[in-house]
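Letter by letter, the chains look like this.
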Amino acid sequence: MSAELIFTIFYLLISFGIVYPPEEFISAGFTIGNWFGKLLGSEDENFIRFHIKKSMLNLVVYSCLPIIYVALLYLLGFVDEISSLFIGPSISWQIFATFSIVAPLLALLEIHRWSNNNFQNNPIVRNLTKCCNNNTTWEVVAADVENEYRRLEIVTVKTNPMTKAVVTENWIIKVTLLNMFLAHQSDATVKLLEVNTFDLSHINANITQFCNIEVQSARVGSFIIRINALDFRNLKDKLSRRMQLVLPNSFSKSITEQFMEVFRETVNENPRYSTNMELDQCLGCLQARPGIKIQKQCPDEGIHPMEQKCTDCFCHPMWCLDCLTKWFVSRQDKDEQNRWLSKKCTCPMCRATFCVLDVCLLEQPQE
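Residues numbered from 1 in each chain as written. Predicted model: local features only at pLDDT ≥ 70, side-chain atom pairs only at ≥ 80, totals over all residues. Heavy atoms only, no water.

S.K.: Looking at this structure, I do not really get the state of the cysteines. What am I missing?
M.R.: Cysteine pairs can be covalently joined through their sulfur atoms, and such a bond is termed a disulfide. Tallied over the entire structure, the rule returns zero disulfides. Take Cys132: it sits in no disulfide, and the sulfur closest to it among the cysteines is that of Cys131, at 7.3 Å. With relative accessibility at 15%, the residue Cys132 sits in the buried group. Cys310 forms no disulfide, and the closest cysteine sulfur to it belongs to Cys298, at a distance of 3.4 Å. According to the relative accessible area criterion, Cys310 is buried, its value standing at 4%. (Disulfide = S-S within 2.5 Å. Buried < 20%, exposed > 50% of the residue type's maximum accessible area, 1.4 Å probe, protein only.)

Take a look at the structure:
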C-alpha cells in the first residue's frame, strides 16, 4: 500500500470526523465549535447568533477540506501526484482538483450573500422571519428564543452529532449543521409518525428505539425530529400541546421497565403493613404519598453462608412504590438482569438489607 493511499484514507477519516464528530472527537475537543469558540461566542447567551455564525463557519470549513487535502499532499512531498490531479489523464481527478479550488470560492460568495442586508438571506434568519408578527423583525423573534433558552427548564436532546432538538416554554427548535428549523408551540401540531426498533445499536446491547416526530406549522411548514425513545417522555412533557400519536402502541418496554412491572406484581402479593401514621410526601418524587414499608418477611433458612441476610428496617414509611422500585433497580448489576428479582438491596435511609419479599404495601388498620 502506497504512502499516498495511506494518507488519503487517514485524511478521509479525519474529514468524516470533522463533519460527523464521534464521541471521541467531541471529548477531545476536536470540533469546529471548540476550535473557533472565541469567534462564535457563548451559545447559552446568544443562541440564535451563535448558530448563525456557526452555520457560516461550517460551510467555509467543509468547502476547504478538499483544498486542504491538496495542500497537505504538496507539503508532504507528493508533487507528482498533485500534477496528475490537474493535468493527468483521469477526468474524475481533474474534476476533483477543480472542485477543490472552486468550492471555497463559492462558499465565500454564499457567506457574503448571507451576510448582506442584516443576514436576511441566511437560511436561519429566513426561518425566523416566517415566525414574525406584523411590524416586527427577525431580531425580535431571536431575542425571544434566546431569552427562553437561558432558562433552566428547557429540554435539549442531541439526536446525533449533526442535529439536536430544543424545546423551550414556547418554541420547538431543530438545529442542523447549516440551518435551524423552529415553530411556536401555539402554532404547531406535533405528531409521532414512526417508531423504529433495533435489537442492537451503538448505544447499548439492548433493544433501542428511535422516534420520528413531525412538527407542522402553518408559518414555517413542517420538519422531522428523530430522537431516542428514552428522551421521548421528557420532550413530550415539555410540549404545551398534546402530541398526536399515530402509532400509540408502538413502544416496546425496556428491560428495566419490564422488571419494574414484575417487581410491582410481586409486591402486590406480599403481606400488607397496617399503619395510621400521618405521612408526608414521598422523599423521592415529592409528589405521591408514601405507599410501602420495608418489613422483613423472608425466611433465613436456605441462604448461602456467604450471602448477606435481610435485616429489619426501622424507618417509618417514606417512599412510594415507584421510587423504591427505581432505587432497587439502580443498585443492581446490569450484567445480571435475569437475577434481579432474587437480588437484595439496601434501604435508602438506614441501609438495612431487604429483598422484594420484604416490601409491603400500606393499608389502614381496621377499627
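Now that the structure is up, let's keep going.
S.K.: Teacher, can you tell me more about the pairing of strand E6 (residues 208-217) here?
M.R.: Note on strand geometry: in a regular strand, side chains alternate between the two faces of the sheet. For E6, the buried fraction is high: nine of the 10 residues fall into the buried class. Relative to E6, strand E5 (residues 188-198) runs antiparallel, the two sharing 10 bridges. Within E6, the residue paired with Val195 across the bridge is Cys211. By the bridge criterion, eight bridges tie E6 to strand E7 (residues 221-228) in an arrangement that is antiparallel. In the sheet register, Ser217 faces E7, and the bridge partner there is Gly221. Here E6 folds back onto E7, and the loop between the two strands holds three residues. (Helix = DSSP H or I, 4+ residues; strand = E, 2+ residues; numbered from the N terminus. Pairing = 2+ DSSP bridges.)

S.K.: In this structure, what is going on with the packing of helix H11 (residues 255-268) against helix H12 (residues 321-330)? I would like to understand it.
M.R.: For any two helices packed against each other, one specifies the inter-axial angle together with the distance between the axes. Running from N to C, H11 and H12 point in directions that differ by 125°, and their axes come no closer than 10 Å. In terms of orientation, H11 lies oblique with respect to H12. The element H11 and its partner H12 pack so that their crossing is right-handed. Between H11 and H12, the contacting residues are Thr256, Phe259, Met260, Phe263, Arg264 and Val267 on the first element and Leu321, Asp322, Thr325, Lys326, Phe328 and Val329 on the second. Here the contact of H11 with H12 is built from residues that sort into seven nonpolar, two polar and three charged. (Axes fitted to C-alpha atoms, helices over the stretch in contact; angles between N-to-C directions. Parallel < 35°, antiparallel > 145°, perpendicular 65-115°, else oblique. Left-handed = near helix turned anticlockwise from the far one by under 90°. Contact = heavy atoms within 4.5 Å. Nonpolar A, V, L, I, M, F, W, Y, C, P; charged D, E, K, R; others polar.)

S.K.: Please explain the sheet that holds strand E9 (residues 273-274) as it appears in this structure.
M.R.: In a beta sheet, neighbouring strands are held together by backbone hydrogen bonds and run either parallel or antiparallel to one another. Pairing is mixed across the open sheet formed by three strands, whose spatial order is E9-E13-E10. Looking at the sheet topology across the chains shown, the edges are occupied by E9 and strand E10 (292-294). Bridge count between E9 and strand E13 (residues 359-363): two bridges; the pairing is parallel. Bridging across to E13, Ser274 finds its partner in Glu363.

S.K.: Looking at this model, I keep getting lost on the packing of helix H1 (residues 3-19) against helix H5 (residues 47-75). Mind explaining?
M.R.: For the pair H1 and H5, the least separation of the axes is 11 Å and the interaxial angle reads 160°. Looking at the two axes, H1 sits roughly antiparallel to H5. In this structure, the crossing between H1 and H5 has a hand that is right-handed. Only Val61, Tyr62, Leu65, Ile68, Tyr69, Leu72 and Leu73 of H5 make contact with H1, whose side of the interface consists of Glu4, Phe7, Thr8, Tyr11, Ser15, Ile18 and Val19. Its residues placed into classes, the contact of H1 with H5 shows 11 nonpolar, two polar and one charged.

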